[in-house]
Amino acid sequence: MSDAYARSGVDITAGNEAVSRYKALLARHKQPAQLDAIGGFGGLYALPGDERRALVASTDGVGTKLLIAAALQRYDTVGADLVNHCVNDILVLGARPLFFLDYLAVGKLDPDVAARIVEGCARACAAHDCALLGGETAEMPGMYAPEHFDLAGTIVGLVSLDDVPKLESVAPGDAILALPAVGLHTNGYALARSVIPESEWSALLTEHPSYAAPVRAMLEVANVKAMAHITGGGLRE
């Protein structure tokens, strides 16, 4: 699979090397309220004045799925993709979302297109009782082609430290439960675009689902020791 990604222009080895360097840089200074190291689905930060709870933050993007949205001129799903992806990233740490910030960068600003993109963010935030607190819209001619754009977001949630999964408690014989995917979600599109004809791209815009409801239902009835949001690193990572 890594060879296929390399042929499509994505160097997974380089990505892993970059993260390794980030960890080395950040190891030089760890702020006392920072409760974990870089590399997880989200970062935990001690909630000031409350020893029992922590803030959980994560930042992500939609990737080259945006090129498919731009090619098909369908902009109503990628905002929800972004929010749901970020919700899932902090969900695996047991957190509920508090607020979200979006970043939309374009080569040429079309207010109607921008509104449709952000409407998707707002719709998904409302579904999670999460505030869309604000964001940034940047028009950068020369950085992006007129019809192209980038979309990223940051989410902040809250978790009781007692509810953070304890990875060290995982043991042989534990049950594994997988929730189904509905497609590629927001990963693997560089490879998909290289092997799937453009005439079949419409199906690739299936919305990245939120797993908040089934996961929270499961947490009510089971001792969940660890969770993972299977994204760019696949099952092995």
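Note that the structure is a prediction, hence the values are computed from the model and not measured.

1. A word on the state of the cysteines
Thought 1: Counted according to the given criterion, the structure contains zero disulfides.
Thought 2: In this structure C86 is a free cysteine whose sulfur lies 9.1 Å from that of C121, the closest cysteine sulfur available.
Thought 3: With a relative accessible area of 0%, C86 lands in the buried category.
Thought 4: Take C130: it sits in no disulfide, and the sulfur closest to it among the cysteines is that of C125, at 4.3 Å.
Thought 5: You can call C130 buried: its relative accessible area is 8%.

2. A word on helix α4 (residues 78–91)
Thought 1: Between the first and last C-alpha of α4 there are 20 Å, a value that for 14 residues agrees with the 20 Å anticipated at 1.5 Å per step.
Thought 2: In terms of burial, α4 is a largely internal element, 14 of the 14 residues being buried.

3. Remarks on the side chain of H229
Thought 1: Here H229 shows up in the segment after α7 (212–221).
Thought 2: Among the residues examined, H229 registers a relative accessible area of 5% and is labelled buried.
Thought 3: Beyond its immediate sequence surroundings of up to four residues, H229 is in contact with F41, H85, N88, D89, V92 and H208.

4. Brief notes about the pairing of strand β3 (residues 96–106)
Thought 1: As judged from the 10 bridges shared by β3 and strand β5 (residues 149–160), these two strands associate in the antiparallel manner. What sits directly across from P97, in β5, is G157.
Thought 2: Inspection of the sheet shows β3 paired to strand β4 (residues 131–139) by eight bridges, in the parallel sense. From the neighbouring strand, F100 faces β4, where its bridge partner is L132.
Thought 3: In terms of handedness, the path from β3 via helix α5 (residues 111–127) over to β4 forms a crossover that is right-handed.

5. Focus on the pattern of salt bridges
A side chain of one charge can pair with a side chain of the opposite charge if their charged atoms are brought near each other.
Thought 1: Scanning the model with the defined rule gives eight salt bridges in all.
Thought 2: Residue E17 pairs with R21 through a salt bridge whose shortest N-O separation is 2.8 Å. Residue E17 and its partner R21 are located together in helix α2 (residues 12–26), separated by four residues, close to a single helical turn.
Thought 3: Of the charged contacts, one joins R52 and D50 as a salt bridge, the two residues approaching to 3.5 Å between their closest N and O atoms.
Thought 4: According to the relative accessible area criterion, R52 is exposed, its value standing at 63%.
Thought 5: Taken together, the salt bridges that share partners define one network made up of D50, R52 and R53.

Analysis parameters
Residues numbered from 1 in each chain as written. Predicted model: local features only at pLDDT ≥ 70, side-chain atom pairs only at ≥ 80, totals over all residues. Heavy atoms only, no water. Disulfide = S-S within 2.5 Å. Buried < 20%, exposed > 50% of the residue type's maximum accessible area, 1.4 Å probe, protein only. Helix = DSSP H or I, 4+ residues; strand = E, 2+ residues; numbered from the N terminus. Expected span 1.5 Å × (residues − 1). Contact = heavy atoms within 4.5 Å. Pairing = 2+ DSSP bridges. Right-handed = clockwise from strand over helix to strand, strands pointing away. Salt bridge = Lys/Arg side-chain N within 4 Å of Asp/Glu carboxyl O.

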